[in-house]
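Working through the structure, step by step
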Amino acid sequence: MKAPVLGFTPRVVNRVRFAAILGVLGPGLVSGFADNDAGGITTYSVAGVKYGYELLWVLLASQIVLFFTQEVGARLGLATGQGLTGLVRERFGVRWVTFLTITMLVANVGSIVAEFAGTAAALSLFNVAPAISAAIAATVVILLITRGSFGKVQYLFVAVGIGVSLAYFASALMAHPDWGNAFHSLVVPSLAHAGTTNGAYWLAVVATVGTTITPWGQAFIQSYCADKRLGPEDLVGERLDVGLGALLTNLIAGFIVVACAAALFSHQVTIDTNNPNAVAKIAEALRPFAGDAAQYLFAVGLLAASFLGLGVVPLTSAYAACEAFGWETGVDWRFRDAPAFYGLIIFFIVIAAFFVLIPGLPLVQVMFMAQVVNALLLPFVLVFVMVLASDKKLMGPLASGRFLQVVGWTGTALLVVLSLTLAVSSFTTF
Amino acid sequence: MLYLSQAIGRPVRDKLGEPIGQVADLIVAIGDRYPPVTGIVVKTNGREIFLLWQSVSSLDAAGAVLSTTAIDISKFHQRPNEIRLKQDLMDRQIVDIDGRKVVRVNDLRLDEVEGALHLVAVDVGASGLLRRLGIERPWRVLARGIHRGVPEHYIDWEDVDPVERTIASVKLRVPHKGLAELHPADLATIIDQLSRNDRVGVIASLDDEAAADAIGEMEPETQVDIFEDLEPERAADILEEMDPDEAADLVADLSDESRLEILGLMEKEEAEEVQELMTYGEETAGGIMTTEFVAVPADLTAAETIDRLRELEPDAETIYYVYVTDTDNKLVGVLSLRDLIVSRPENCISTFMYAEPVAVKTGASQKEVTDLVARYNLLAVPVVDDEGRLEGIVTVDDAMDTLMPQPSKRRIPRLFSRSGTAER
């Protein structure tokens, strides 16, 4: 090779390099933040109110599992450049992908309802009527998705995520928690309530894990990596990103639990958790113990998290469906040219908004059913993911090695048991 | 007419009606307009055996009947131009050349053509999807009930290009136009929709010039992604075919390692040109100019100049002006294509050229260039160095780029494209 003369000043090189690093850091972070959506925050707050610091160890455990599931998803995206539904269709056929996609869409509608409920609950603390908050949220999200620049939306998402983290960190501090006790519970599983009647403790355990590791979260990380055109050379950066995302997710969840445990559990405040407004009630209940600011911080965090979920879940759903059925990867991308894509997004948002707008609809039941459907779907998703990721022909050098296979299948088996537990017990207690 | 989905899984019987196994796949030979079926894969006792098409006497939705009783499996070898329909095409992504988009294969349609079964079309419509799910008939009844049809959509095999590398490389070996016939801008949009692996496959199936034209139409960050994935030799070949100003912008964005490697593999002259262009600031006349232009000495006649143009075959954007330079390469005049054609052939060009052409210095800002182009209605502005030597030209399209808001059309609604981070 001839040595070329390099008598020039590099122009954009540095910027592209920097962009490349920033570019790798993202999917895991956003995915992690989005995992702590309205449903997540509700679950964590309820866990803190009911069981104090006791469930913190579950957070640590689910964070570790989350890291591995997200890592596999990211790796699939890096190696194949395709989303989950596309790969499932190619490998397992059209029936499996139809089952997977439709089930996921149904469950996601439930998740979006939960996001709207979260928005309404948060804004109710600022005296905004649920109907108005739902209408505002739906309009803003639809405009953002159909008109916004996606390159910029991702920074908004990360900023929102960081905002949520800070809000809950601050609320946790204001609640004057017993940090020693909290840390102890984080690393040592405390099973004081484990033996109690009706298995409510275990249900809370399953719900905590189930709200963190979701089918759409799995589809999301993979599509995101593929869509960013990250490749095998980004593996290290992406693992770092996923690890950071999982860690932050866990920290936020931890602060929520700690705040609720310190302020409410230790003062024996009880909350009716069968209410879509439970989080708002929890935030209100925080005030006497942690101050005005804590209440509003809690509400703002919930609002931001719900909004993040509102952006991410419909988008992921529409992408999954379009990729599964090969719809409109057309040339021009106006609404007219991509009717199914935009149509699906708007359909999800409008249907979900209706549930919140119309009084008397069984809101809690819908959110609850969504959780059950998600729990039942998760084992299928994880099995698909594990099989695909171990396929050397498909994955090349990025195929799961023995260690990742053992860890992955162990985690999958664990989650299958948890999912079935949740499904069975929810039907028996419902 | 037979759909692949109707044949897969059907029983295979020998001449005497004895069951042998099930149809697992069909094999076609790529090359003809409609690829003929050349073999059948039969699943029997949990393993797959290959049979030549000659040993099949019939195949329909009821299954396959063989013309023999003895199965000889030792003779079959999959030839390099053969592909398996179910394994290699079903559910995969393909490029619909006519519709200029990437779609997924729902089903494959086979027809008797001249007494033999051929692959004729790809089913990408809803009916194909419903058929695969086994609910086509009830759905049709339902649809008729509400006076609606079931959308059918087939793409003729000739208008299809597979994107998977394995099949794309098979198709490459046979005479086939397909993608290369598309306008570079359409091709760029298609490639933009593909995953990284598939992009490399499609680029591999294009010749250097078509690849260069398509890459020239892409967003800078997509260009970089593709170049980092290409074999360095191929990347160098494609760069040589690109406009030097585009090539320079692209090379500047590559990683240090790739840049050194690719420049080293380019023709010396072209590599130097690219490197020279890279020394200019991005937003200056030097940064946006191209070094492809036509310059002639002042003592030529109109006829000689036109002959020179024929010889050089300049690109569309650069043919409209002929620049006149002295022995020191200093710009002394300019001629339009019109001036040349309307002039008498024997006239010396120095007699009718514009002797004081509008020009900009290499360091001039992009805005100055744009203003000049607008004020004088120019198709190109010459760029000179401090001594007045002609270095390159800025064509009107490159000059106007600054005026257009960057995403001139609605960007693809990706989850998160990189366009936000690497905007120019």
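The model shown is predicted, which means the values in this text are computed figures rather than measured ones. (Residues numbered from 1 in each chain as written. Chains lettered and ligands numbered in written order. Predicted model: local features only at pLDDT ≥ 70, side-chain atom pairs only at ≥ 80, totals over all residues.)

Let us now look at the overall build of chain A. Along its length, chain A carries 18 helices and zero strands. Looking at chain A as a whole, 55% of its 430 residues are labelled buried. Sequence separation of at least 24 residues holds for 86% of the intrachain contacts in chain A that already meet a minimum separation of 6. (Helix = DSSP H or I, 4+ residues; strand = E, 2+ residues; numbered from the N terminus. Buried ≥ 20, exposed ≤ 12 C-beta atoms within 10 Å, placed from the backbone. Contact = placed C-beta atoms within 7 Å.)

Residues and elements named next belong to chain A. Their axes nearest at 8 Å, the elements helix α3 (residues 38-51) and helix α6 (residues 94-124) cross at an angle of 70°. When the axes of α3 and α6 are compared, the pair comes out roughly perpendicular. Each of Ala 38, Gly 39 and Ile 41 in α3 lies in contact with α6, whose residues at this interface are Ser 111, Ala 114, Glu 115, Ala 117 and Gly 118. Within the contact of α3 with α6, the residues separate by chemical class into four nonpolar, three polar and one charged. (Axes fitted to C-alpha atoms, helices over the stretch in contact; angles between N-to-C directions. Parallel < 35°, antiparallel > 145°, perpendicular 65-115°, else oblique. Nonpolar A, V, L, I, M, F, W, Y, C, P; charged D, E, K, R; others polar.)

Now for unusual backbone geometry. Residue and element names in this part refer to chain B. Notably, Asp 91 is not glycine yet its phi reads approximately 70°, a positive angle. Its location among the elements puts Asp 91 in the loop between α2 (85-89) and β9 (93-96). A positive phi is found at Asn 377, a non-glycine position, where the angle reads about 55°.

To continue, consider the pairing of strand β6 (residues 56-60) of chain B. Residues and elements named next belong to chain B. When β6 meets strand β7 (residues 63-66), the two strands line up antiparallel, connected through four bridges. Looking across to β7, one finds that Ser 58 is bridged to Val 65. The hairpin turn running from β6 into β7, its antiparallel successor, is two residues long. (Pairing = 2+ DSSP bridges.)

A few words now on the environment of Leu 182 of chain B. All names here are of chain B. By secondary structure assignment, the location of Leu 182 is in the loop between α5 (165-172) and α6 (184-193). Overall, Leu 182 belongs to the buried group, with 20 C-beta atoms counted inside 10 Å. A C-alpha to C-alpha distance of 32 Å links Leu 182 and Asp 25, two positions 157 residues apart in sequence. Discounting chain neighbours no more than four positions away, the residues touching Leu 182 are Ile 97, Arg 100 and Leu 187.

This part covers the domain arrangement of chain B. Where interface size is quoted, it is often the accessible area lost as the parts come together. All names here are of chain B. Taken as a whole, chain B is organised into domain 1 (2-84), domain 2 (87-162), domain 3 (180-279) and domain 4 (294-400). A C-alpha centroid distance of 21 Å is found between domain 1 and domain 2. Every contact between the two is made by 14 residues of domain 1 and, on the other side, 19 residues of domain 2. At the level of secondary structure, the elements contributing two or more residues to the side of domain 1 that touches domain 2 comprise β1 (2-3), α1 (4-7), β3 (19-29) and β8 (82-84). Here the side of domain 1 that touches domain 2 is composed, by residue class, of 10 nonpolar, one polar and three charged. (Domains from an automatic or database assignment.)

Interpretation of the predicted coordinates at a detailed level should be avoided for regions scoring low in pLDDT. All names here are of chain B. Confidence in the prediction for chain B averages 79 pLDDT; 88% of positions are at 70 or higher. Throughout residues 172-176 the model reports pLDDT below 50, and contacts reaching past four residues in sequence, or to other chains, amount to seven contacts. Below a pLDDT of 50 lies the segment residues 405-424, which in the model reaches 52 contacts outside its immediate sequence neighbourhood of four places, other chains included. (pLDDT = per-residue confidence, 0-100.)

Turning next to the pairing of β3 of chain B. Residue and element names in this part refer to chain B. Taken together, the three bridges between strand β2 (residues 11-13) and β3 define a ladder with antiparallel strand orientation. Its bridge partner being in β3, Arg 13 is matched across the sheet by Pro 19. From the end of β2 to the start of β3, which pair antiparallel, there are five residues, and Gly 17 there has a positive phi angle of about 85°. The pairing of β3 with strand β4 (residues 37-44) spans six bridges and is antiparallel. Looking at β4, one finds that Gln 22 is bridged to Lys 43. For β3 and β8, the ladder comprises three bridges, and the chain directions are antiparallel. For Ile 27, the partnering residue across the bridge sits in β8 and is Arg 84.

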